[in-house]
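# Chain and residue survey
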Amino acid sequence: MTEKLRITEIFHSLQGEARTVGRPTVFVRLTGCPLRCGYCDTAYAFSGGMLFSIEEILTTVASWTPRYVCVTGGEPLAQKSCWPLLAALCDAGYEVSLETSGAIDVDGVDARVSKVLDFKTPGSGEVQRNLYSNVKQLLPHDQVKFVICNEDDYQWSRQCVSQYRLAEKVSDVLFSPSHATLEPAVLADWILRDRLPVRMQLQLHKYLWADAVGR
Ligand code: SF4
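This is a predicted model, so every value here is computed, not measured. (Residues numbered from 1 in each chain as written. Predicted model: local features only at pLDDT ≥ 70, side-chain atom pairs only at ≥ 80, totals over all residues. Heavy atoms only, no water.)

## Considering the overall build of the protein chain
A count of helices and strands for the protein chain gives six helices and nine strands. Taking 215 residues into account, the globule formula puts the C-alpha radius of gyration at 17 Å, and the protein chain, at 17 Å, falls close to it. Long-range pairs, those at least 24 residues apart, make up 69% of the contacts in the protein chain between residues at least 6 apart in sequence. Summed over its atoms, the accessible surface of the protein chain is roughly 9800 Å², and 52% of this surface lies on carbon and sulfur atoms. Between the centroid of the 22 positive side chains of the protein chain and the centroid of its 25 negative side chains there is a distance of 2 Å. (Helix = DSSP H or I, 4+ residues; strand = E, 2+ residues; numbered from the N terminus. Rg over C-alpha atoms; globule rule 2.2 N^0.38 Å. Contact = heavy atoms within 4.5 Å. Areas by Shrake-Rupley, 256 points an atom, 1.4 Å probe, with all protein chains shown as cover. Lys, Arg positive; Asp, Glu negative; His and termini not counted. Charge placed at Lys NZ, Arg CZ, Asp CG, Glu CD.)

Here is the structure:
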């Protein structure tokens, strides 16, 4: 294994969202992202970082003896060496998740990885980047996520869930209110009103630590 990856940070925290929310998790944050979502809270990962070999990442991750490892960014799949990194983490016995923007082809991602695939809403400013062919790559243990900024986003997301039959394809369809843009209770009321087969989530880490880096 000789691949090097540009890494912004590797840290131990509580998972802030998705199916393993609240679980102690090691995060491997890869540097770089080709998107510029209006609500992005990890712009510090767009550039900089340090080069790590896959062996060095594995050694750092192992120091926390975690059960869960989350590979995130930025957009981790913007680096080709992310594919072998994911496989190596699975081989090491971790339960691995991948947070990805939905703008890059996920073909070839190790089938043991639980993908958390974004659908970029119109309110993100990057809706045109969605690669809808990724839907056919989704596995039953995967999740899809919509960050919702307003009622137009909600209606757009609802249409996607129906059109792509997402609730039948993946374990969880996640609806998150865009932090500080949409009141969570408003989104909750829409979901209940329309009896949507989705899971609403709030980002736990924002309530615990605001937007602190490395938490
Ligand atoms: S895809 Fe993620 S990291 Fe990239 S700009 Fe959007 S929110 Fe930020």
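## Describing the environment of Arg 112
Looking at where Arg 112 falls in the secondary structure, it is placed in the loop between strand 5 (95-100) and strand 6 (114-119). Of the residues examined, Arg 112 reaches a relative accessible area of 46% and is grouped as partly exposed. The sequence separation of Arg 112 and Tyr 94 amounts to 18 residues, and the corresponding C-alpha distance is 9.8 Å. Non-local contacts of Arg 112, meaning those with residues more than four positions away in its chain, are made with Ala 87, Cys 90, Asp 91, Val 96 and His 141. (Buried < 20%, exposed > 50% of the residue type's maximum accessible area, 1.4 Å probe, protein only.)

## Digging into the pattern of salt bridges
Applying the stated criterion across every chain yields a total of 14 salt bridges. Taking the shortest distance from any N to any O, the salt bridge between Lys 115 and Asp 142 comes out at 2.9 Å. Separated by 27 residues along the polypeptide, Lys 115 in strand 6 and Asp 142 in the loop between strand 6 and strand 7 (143-148) bring together distant segments of the chain. A relative accessible area of 0% places Asp 142 in the buried class. (Salt bridge = Lys/Arg side-chain N within 4 Å of Asp/Glu carboxyl O.)

## Focus on the site of the ligand
With respect to spatial proximity, the complete set of residues near the ligand consists of Cys 33, Leu 35, Arg 36, Cys 37, Cys 40, Thr 42, Phe 46, Gly 74, Ser 101 and Lys 120. Considered class by class, the residues forming the shell around the ligand number five nonpolar, three polar and two charged. (Near = heavy atom within 4 Å. Nonpolar A, V, L, I, M, F, W, Y, C, P; charged D, E, K, R; others polar.)

## Remarks on the nonpolar core
Residues Val 28, Phe 119, Phe 146, Leu 166 and Phe 175 are the most contacted members of the largest nonpolar core, which totals 49 residues. Ranked by the residues each element gives to this core, the list is headed by helix 2 (residues 82-91), at seven residues. (Core = buried A, V, L, I, M, F, W, Y, C linked by side-chain atoms within 4.5 Å.)

## Considerations on unusual backbone geometry
The peptide bond linking Gly 73 to Gly 74 adopts the cis configuration, its omega dihedral lying at 15 degrees. Structurally, the position occupied by Gly 74 is in the loop between strand 4 (68-72) and helix 2. For Ala 180, which is not glycine, the phi dihedral falls at a positive 70 degrees. Look at Ala 180 and you get exposed, because its relative accessible area is 81%. Phi at Arg 195 is positive, roughly 50 degrees, even though this residue is not glycine. Within the secondary structure, Arg 195 is located in the loop between helix 5 (184-194) and strand 9 (199-200).

## Looking at helix 2
Each α-helix winds once per 3.6 residues, and so residues spaced three or four apart point in a common direction. Here helix 2 lies mainly inside the structure; seven of its 10 residues are buried. Every buried residue of helix 2 is accounted for by Cys 82, Trp 83, Leu 85, Leu 86, Ala 88, Leu 89 and Cys 90.

## Quick look at the environment of Glu 151
Looking at the secondary structure, you find Glu 151 in helix 3 (residues 151-163). Sequence separation between Glu 151 and Ile 191 is 40 residues, and the spatial gap between their C-alpha atoms is 11 Å. The contacts of Glu 151, once residues within four sequence positions are left out, are Trp 190 and Arg 193.

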